[in-house]
Amino acid sequence: MQKMLASLFLLSLALPAALRAGTVTPLREGWWVQSACKLQAASESIAAEGFAAENWLKIAIPSTVLAAQVANGKFLDPYYGMNLRQIPGTSYPIGNIFANLPMPQDSPYRCGWWYRNEFSAPAASQKEERFWLHFAGINYRAEIWLNGHKIADSTQVAGAYRTYDFDVTEFLKPGKTNVLAVETFAPTEKDLGINWVDWNPAPPDKDMGLWGDVDLVASGAVTLRSPLAVTHFPGPALDAADLTVYAELHNATDHAVKGLVAGSAAGVRFEQPVELAPHEDRGVVFTPEQFPQLHIRNPQPWWPRQMGEPHLERLNMSFSVQGQTTDEQSVDFGFREVTSELTANGSRLFRVNGKRILIRGGGWSQDMLLRTDENRLRDQFRLVCDLNLNSIRLEGKLETDEFFHLADQQGILVMLGWCCCDHWEHWKDWTPEDLTIATASLRAQMLRLRHHASLLVWLNGSDNPPPANVESAYLKVESETHWPNPVLSSASATPTSVTAESGVKMSGPYDYVAPSYWYVDHQHGGAFGFNTETSPGPAIPSLASRQKFLPDPAAWPPSEDWKYHYGGGEFTNLKVFDEAMEAVYAKPHSADEYERLAGTMEYDSERAMFEAYTKNKYTSTGVIQWMLNNAWPSMIWHLYDYYLDAGAGYFGTKKACEPLHIQYSYDDLSVVVVNSTYEPVARLHASIHVHNLAWKELYNSETTLNAGADSAQRVFSIPESLYTGADKIFFIDLTLSDASGRVLSSNFYWVPGTLTTFDWAKTDYTHTPAARHEDLTALASLPPAKVIARAEFENTSRGRKLRLHLDNQSTALAFQIRASVRTQSGGLIAPVFWSDNWIELAPGESRTLTALLPENAVAAPIVQLEGWNIALETITPGANSTTQ
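Residues numbered from 1 in each chain as written. Predicted model: local features only at pLDDT ≥ 70, side-chain atom pairs only at ≥ 80, totals over all residues. Heavy atoms only, no water.

S.K.: Residues and numbers for empty space enclosed by the protein, please.
M.R.: The full count for this structure, using the stated rule, is six cavities of 30 Å³ or more. Estimates place the volume of the largest cavity at around 320 Å³. Around the largest cavity sit 30 residues that line it, and Ser-542, Asp-645, Ala-646, Gly-647 and Trp-838 are the ones nearest its centre. Sorting the residues of the lining of the largest cavity by element identifies helix 12 (591-615), helix 13 (648-656) and strand 43 (814-822) as the ones contributing at least two each. (1 Å grid on protein atoms, 1.4 Å probe; cavity = no way out; pocket = protein on both sides within 12 Å on 5 of 7 lines; lining within 4 Å. Points joined across faces, edges and corners; volume = space filled by probe spheres on them. Helix = DSSP H or I, 4+ residues; strand = E, 2+ residues; numbered from the N terminus.)

Okay, here's the thing in structure tokens:
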């Protein structure tokens, strides 16, 4: 029995990739879950027909144990208020990293938890047919039983990011009912589990259970897995591409097999004979030198967003014996080649198909309970595209196959790698088993993901690089699996003895800094080099969102429920943000006022961060906003909140990253036009108008220009003398139009006469404190503006569209106007895709904003309009409204 288990374990290491759709029986429904501490039966009995699963929880998978309990109503919504603290086992100190702590003695998750399923297996359909159980994710250990037989034990199934394929032909009953039972065990503080760091609390079960798909897969005697097509462009014209094709073969029989590996891609076919020894694993390769048809003429390249179209091809591969197909797989791939290099200033620069790219992205999080929702996932990718970002970073949290398919299809690059701050980076405490699990996890993910066009880079560490022995082991796996993209030792600047300099930095900040920071800092997180994670910090959700997760969404001052939804570690309070708010803008006296002031700060600093990095390309080579989204409802680190409601920082980022853009520079008072597309644009018209607080024009200029491909050029310099007079606040209004007069970019700034002075000596990883804050308090005394608003709906091929017409009929600036689509009672509707938001209207100016509503939006929504110097107004589409 032990010899058989060892053989199955080796097969699980050899076959980690997802399996072809035509042979798969998904085992999603019909699962039951129960704590092993509540059961008296032996494992063999639980895994046999006739066992009475009484008082078990019925679920579909993927599902962690806690997600199953929540779905069955055993606990109140753990994301609401402090409900999470009421769940048994959540007694660890608030703000601590639970992954580094032992499970509390009274935790129900110290026990194993059983998953049980009775399913009908398909009848056998070919000679020497083999049946496999595929597990896409088990956290952390498990014993697996089928029809009363142990398939694997908890020494063989260990590792949150490993995948497994077990040959169960001997124990499966084709055409009959089968019983699959899996006892899962939570990770300990000494395991390579799933860690939420300081992003949010951790669930008390540490996300134990079957968090990935489970499938029954049929194949013939030889399996073919993990097909990969690697592109190399011999020249910069991209009019020819060399393809190298790989696949992994496994002979599941105890006799030699002769067969044919065949494939097709981009209109060409290729094949080669192969003979496999009994139980042999072998990688096969087709090179363009051996197979000249793999020299592809006039390929259509795959490009990331703003570089071109993300065109995808199809790679089909099969293995056959005497004309009988034993296995086949098809995957999408792109003609694309990602390379990286160090610039003259030591920064990591990436190229796609030979062209430089400035990486602008955000850090991604899965749901805290690892729940999946494909509609929600698609909505989030729409938000990423709407933000004009080109990249997503995964720190751990290695997402579903559908995530990577969407990234491929929509041209979003993905940085991915291991997580920080727990056993993954506690290398001095590793055992030999840990290294085995870590390298097996890496191999599984390399083979699962390597074919995706969207993959930019793999990071072998996060906050720290691994020691030489671990890094070398990782690099060996990456070589053996033919990983086709760059690899970095970590997300930090720490060099290693194996691969030397990383060329990236993660020097913060993660908390609020004034907009000018990104321009004037030249030592830390400012706009130079590649910053793998950084942020201006807090992001306060709207009242409509807060109503969904707080019992006191309008509380002032913030309640303990509010504070529980801050971050962990150094981010359990918003002191830095709040002190800056009071010093720079005003002291808030209500939750509504706090939300408004916070939004203006978020907009201004997020915009400045991305604009500074964009202006300085390619002295700066990349910036990743920490974070893009949240694992649960949070007051920090997101561009859109857990409920997919876009905040002010979202619109500041969207503005900064638009394809053709005009922007102001805090460091040298210049105005820069940025072309982030890869085509030149001629006959552009740029204009600038500078006003004081009383709306007296102080300066104006205009010019025509040609914007080169992937360029940033100075078009104006505001006279420095403008800032030396009596005025303390300047409004800078910028416009970029095409030759026909169509506005391509408009951008509005409120700039203090004296910028924040930073106390550089007190910089830590969270932020650089202000020695003296800038002063924008006079904005609170802006005179009231009168805005006429009219809203109307129309049906389009993309869904229901709102048109909001705004007309400032006063002599005062209307400042930081925001529009929201809500239910009649003020409830949240999200995601809503606005053309622009958090805008300004000059005296006499009119603008029309558009918004695409989600398919499930209520039939008769309302529009709420508010701003710094206009009162909250509710607009019913089809009617006019006046706000002042």
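S.K.: How would you explain the state of the cysteines if you had to name every residue and give the values?
M.R.: Evaluated as defined, the whole model comprises two disulfides. Through a disulfide, Cys-420 is tied to Cys-421; the S-S separation comes to 2.1 Å. Torsion about the S-S bond of the Cys-420 and Cys-421 cystine: about -80°, corresponding to left-handed handedness. Should the bonded cysteines of the protein be numbered as they appear in the sequence, the pairing reads 1-2, 3-4. This cysteine, Cys-419, is not joined by any disulfide, and Cys-420 carries the nearest cysteine sulfur, 5.0 Å off. Of all cysteine sulfurs, the one in Cys-385 lies closest to Cys-657, which takes part in no disulfide; the gap is 13 Å. Residue Cys-657 is classed as buried on the basis of its relative accessible area of 0%. (Disulfide = S-S within 2.5 Å. Buried < 20%, exposed > 50% of the residue type's maximum accessible area, 1.4 Å probe, protein only.)

S.K.: Kindly report on the packing of aromatic side chains, identifying the contributing residues and their values.
M.R.: Applying the stated criterion across every chain yields a total of 51 aromatic pairs. Aromatic pair Phe-333 and Phe-335: ring centres 5.5 Å apart, planes at 70°, arrangement edge-to-face. Each member of the pair, Phe-333 as well as Phe-335, carries the same accessibility label: buried. Arranged with centres 5.1 Å apart and planes meeting at 45°, the rings of Trp-556 and Tyr-594 form a pair that is tilted. With Trp-556 in the loop between helix 9 (543-549) and helix 10 (560-564) and Tyr-594 in helix 12, the pair connects residues that are 38 residues apart, well separated along the chain. Taking the relative accessible area as the measure of exposure, Trp-556 reaches 31% and is therefore partly exposed. Taking relative accessible area as the criterion, Tyr-594 reaches 3% and is therefore assigned buried. Members of the aromatic cluster, joined through ring pairs, are Tyr-585, Tyr-603, Trp-695, Phe-731, Phe-748, Trp-750, Phe-815 and Trp-868. Between Lys-505 and the ring centre of Phe-528, over which it is positioned, the NZ or CZ distance is 3.3 Å. Directly above the aromatic system of Tyr-643 lies the positively charged group of Lys-548, at a separation of 5.3 Å from the ring centroid. (Phe/Tyr/Trp six-rings, centres within 6.5 Å; stacked < 30°, edge-to-face > 60°. Lys NZ or Arg CZ within 6 Å of the ring centre and 35° of its normal.)

S.K.: Residue-level account of the pattern of salt bridges, with values.
M.R.: Two side chains bearing opposite charge may form a pair once their charged atoms approach each other closely. In this structure the tally under the stated criterion is 37 salt bridges. Measuring nitrogen to oxygen at the nearest pair gives 2.9 Å for the salt bridge that ties Asp-167 to Arg-130. Here Asp-167, found in strand 10 (residues 164-167), pairs with Arg-130, found in strand 6 (residues 130-135); they are 37 residues apart in sequence, far enough to count as distant. Residue classification places Asp-167 among the buried residues on the basis of a relative accessible area of 11%. (Salt bridge = Lys/Arg side-chain N within 4 Å of Asp/Glu carboxyl O.)

S.K.: Requested: an account of the sheet that holds strand 13 (residues 214-219), with residues and values cited.
M.R.: Strand order in the open sheet formed by four strands is 1-13-6-10, with antiparallel pairing between adjacent strands. Since the sheet does not close on itself, it has two edges, and those belong to strand 1 (24-26) and strand 10, each with one partner. Here the strands of the sheet are splayed against their neighbours by 25° on average, with no regard to which way each runs. Of the pairings in the sheet, the one linking strand 1 to strand 13 comprises three bridges and is antiparallel in character. (Pairing = 2+ DSSP bridges. Axes fitted to C-alpha atoms, helices over the stretch in contact; angles between N-to-C directions.)

S.K.: Give a detailed account of the side chain of Ser-107, specifying residues and quantitative values.
M.R.: Relative to the elements of secondary structure, Ser-107 occurs in the loop between helix 3 (65-71) and strand 5 (113-120). Its relative accessible area of 5% is what places Ser-107 among the buried residues. Side-chain polar atoms of Ser-107 contact the backbone nitrogen of Tyr-109, separated by 3.1 Å. The residues contacting Ser-107, other than those within four sequence positions of it, are Gly-89 and Pro-204. (Polar contact = N/O pair within 3.5 Å; in protein donor to acceptor, adjacent residues only side chain to side chain. Contact = heavy atoms within 4.5 Å.)

S.K.: Report on the layout of surface pockets, specifying residues and quantitative values.
M.R.: As a volume, the second largest pocket reaches approximately 420 Å³. What lines the second largest pocket is a set of 19 residues, and nearest its centre among them are Lys-654, Lys-655, Glu-658, Leu-744 and Ser-835. At the level of elements, helix 13, strand 38 (743-752) and strand 46 (846-852) are the ones that each hand at least two residues to the lining of the second largest pocket. By residue number, the principal contributor to the lining of the second largest pocket is strand 38, which donates four residues.

S.K.: I'd like a rundown of the environment of Thr-876, residues and numbers included.
M.R.: Along the chain, Thr-876 falls in the loop between strand 48 (873-875) and strand 49 (880-883). When the C-alpha positions of Thr-876 and Phe-716 are compared, they lie 42 Å apart, and in sequence the two are 160 residues distant.

S.K.: How would you summarise the side chain of Glu-533 if you had to cite specific residues and measurements?
M.R.: Within the secondary structure layout, Glu-533 lies in strand 30 (residues 529-534). A relative accessible area of 4% means that Glu-533 is categorised as buried. In this structure the side chain of Glu-533 is engaged in a polar contact, spanning 2.6 Å, whose partner is the side chain of Arg-393. Glu-533 has contacts with Arg-393, Glu-395, Ser-462, Asp-463, Met-506, Gly-508, Tyr-510, Ile-624 and Trp-626, leaving out every residue within four places of it along the chain.

S.K.: How would you summarise helix 13 if you had to cite specific residues and measurements?
M.R.: Within helix 13, nine of the nine residues are buried, leaving the element largely enclosed by the surrounding structure. Residues of helix 13 that are buried include every one of Ala-648, Gly-649, Tyr-650, Phe-651, Gly-652, Thr-653, Lys-654, Lys-655 and Ala-656, and no others. At its buried positions, helix 13 is contacted by strand 25 (359-364), helix 4 (374-386), helix 12, strand 32 (660-664), strand 38 and strand 44 (833-834).

S.K.: Hey, could you go over the environment of His-773 for me, with residue numbers and the actual values?
M.R.: Summarising the element assignment, His-773 is placed in the loop between strand 40 (770-772) and strand 41 (787-796). By relative accessible area, His-773 is classed as partly exposed at 32%. C-alpha of His-773 to C-alpha of Leu-76: the two residues are 697 residues apart in sequence and 44 Å apart in space. Beyond its immediate sequence surroundings of up to four residues, His-773 is in contact with Ala-580, Ala-583, Val-584 and Thr-756.

S.K.: Lay out the sheet that holds strand 4 (residues 63-64) in plain terms, naming residues and giving numbers.
M.R.: Taken in spatial order, the three strands of this open sheet run 4-12-7, and their pairing is antiparallel. Each end of this open sheet is capped by a strand with a single partner; those strands are strand 4 and strand 7 (138-139). In this sheet, strand 12 (residues 209-210) lies alongside strand 4 in antiparallel orientation, the contact comprising two bridges. Residue pairing across strands places Thr-64 opposite Gly-209, the latter belonging to strand 12.

Purely spatial values, then, with no claim about function.
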